[in-house]
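# Fold and contact review
Spelled out from the first residue to the last, the chains are:
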Amino acid sequence: MLGIIGGSGLNDLANLEVTRREVVRTPYGEPSAPLLFGKLAGREVVFVARHGHGHTIPPHEVNFRANIWALQAQKVACVVSVASVGGIRADLSPGVLCVPDQILDYTYGRRHTFVSRDDGTVKHIDFTHPYCERLRQDLARAAQAAGEPLLMGGTYATTQGPRLETAAEINRLERDGADMVGMTGMPEAGLARELDVRYAALTVVANWGAGRASSTQGIEMNEINAVLKTAMARVRRILEQLVVQ
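Let us look at the structure shown here. (Residues numbered from 1 in each chain as written. Predicted model: local features only at pLDDT ≥ 70, side-chain atom pairs only at ≥ 80, totals over all residues. Heavy atoms only, no water.)

## Concerning the packing of aromatic side chains
Convention followed: Pairing of aromatic rings covers Phe, Tyr and the six-membered ring of Trp, with a centre-to-centre limit of 6.5 Å; geometry is then stacked below 30 degrees between planes, edge-to-face above 60, and tilted otherwise. Numbering of helices and strands runs from the N terminus, with a helix taken as a DSSP run of H or I at least four residues long and a strand as a DSSP run of E at least two residues long. When accessible area is computed with a 1.4 Å probe and restricted to protein chains, residues below 20% of their type maximum are described as buried, those above 50% as exposed, and intermediate ones as partly exposed. Ring-over charges, as used throughout, are those where CZ of Arg or NZ of Lys falls within 6 Å of the ring centre and within 35 degrees of the ring normal.
Enumeration according to the criterion identifies 2 aromatic pairs in this entry. Note on Y28 and F114: the rings are 5.0 Å apart at their centroids and 65° apart in plane angle, and the pair reads as edge-to-face. Here Y28 is found in the loop between β2 (17-22) and β3 (35-40), whereas its partner F114 is found in the loop between β7 (102-105) and α2 (133-146), with 86 residues between them in sequence. With a relative accessible area of 25%, Y28 lands in the partly exposed category. Arranged with centres 6.2 Å apart and planes meeting at 10°, the rings of Y131 and Y199 form a pair that is stacked. In this pair, Y131 sits in the loop between β7 and α2 while Y199 sits in strand β11 (residues 198-208), placing the two residues 68 residues apart along the sequence. Judged on exposure class, the residue Y131 and its partner Y199 are both buried. Across the ring face of F37, the terminal group of R20 is positioned such that the distance to the ring centre comes to 3.8 Å.

Written out as structure tokens, the structure reads:
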């Protein structure tokens, strides 16, 4: 069964035929929202809204551990994370969809691992390639089947939020090798790897990073919302093709 984590702009799946909602308790607290079970293009999926229904949970307060644990407990084999990002690389303009292949983590203070000394063991995970390549290629094929342009590859820089970055910070991220910037890529990807859940991200460029192109003088939130409204319809079409592969 496919798990889908919806970020900004995707608080629900309009094309999901919901069969039941389940409030899940985990050893790490409650997930961001009840899990929604249903059918997408006739196939079983489970959906969780990362920021809660109504988008009420800021990125630094998302209970990433509970979200990932809850999905894994439902025997979810793979998870697609849908996330909005700011574009840094020249071809990552507003409205572009991208499947990144690398991560830079600038977050701090988040509960970022399931590993605890109370377990009596120390577990190290290989994170050389943070996303599942098989799932990334599945997304590429789904986009092709849906007739939706999709860029493959790029480094997702995860910042703490909830504020957006300064122009100087975007310049630093670019020097570090970042192609896009968001606030929820980590620790979500790392937690999925710890639980052996196949995980990939489908990012939607909502705006140019601070100081770039139309964001030179500032970032207009109204423009972001307009871009996301259009782009998320394309995301839904890709997810429909993904589940029928």
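## Focus on the side chain of T158
What counts, and what does not: When checking whether two residues touch, look at their non-hydrogen atoms; a contact exists if any pair is within 4.5 Å.
One can find T158 in strand β9 (residues 155-158). By relative accessible area, which is 0% here, T158 ends up buried. With residues near it in sequence (within four places) discarded, T158 still touches I103, L104, D105, Y106, T107, R110, G182, M183, T184, G185 and M186.

## Focus: the environment of P149
As for its position among the elements, P149 is in the loop between α2 and β8 (151-152). For the pair P149 and L40, spaced 109 residues apart in sequence, the C-alpha separation works out to 21 Å. Apart from residues no more than four positions distant in its own chain, P149 is found in contact with L97 and R234.

## Concerning the pairing of β3
In plain terms, the rule: For two strands to count as paired, DSSP must find a minimum of two bridges between them.
Within β3, 5 of the 6 residues are buried, which leaves the element mostly enclosed by the surrounding structure. Looking at chain direction, β2 and β3 are connected through 5 bridges and run antiparallel. Across the sheet, R20 pairs through a bridge with F37, a residue of β3. Two strands pair when backbone bridges link them, and β3 and strand β4 (residues 43-49) are joined in this way by 5 bridges, in the antiparallel orientation. The residue of β4 that forms the bridge with K39 is E44. Between β3 and β4, which pair antiparallel in sequence order, lie 2 residues; one of them, A41, sits at a positive phi of approximately 55°.

## Some thoughts on the pattern of salt bridges
To keep things clear, this is the line we draw: Note on definitions: salt bridges are taken to be side-chain nitrogens of Lys or Arg within 4 Å of carboxyl oxygens of Asp or Glu.
Summed over the entire model, instances satisfying the criterion amount to 12 salt bridges. Among the ionic pairs, E133 bridges to R136, the shortest N-O distance being 2.7 Å. In this pair, E133 and R136 are both assigned in helix α2, 3 residues apart and thus about one turn of the helix distant. What makes E133 partly exposed here is its relative accessible area of 42%. Its salt-bridge partner being D138, residue R198 comes within 3.7 Å of it at the nearest N-O pair. Note that R198 is positioned in strand β11 and D138 in helix α2, a separation of 60 residues in sequence. Of the residues examined, R198 reaches a relative accessible area of 22% and is grouped as partly exposed. What emerges from the salt-bridge pattern is a single network uniting R89, D91 and D179.

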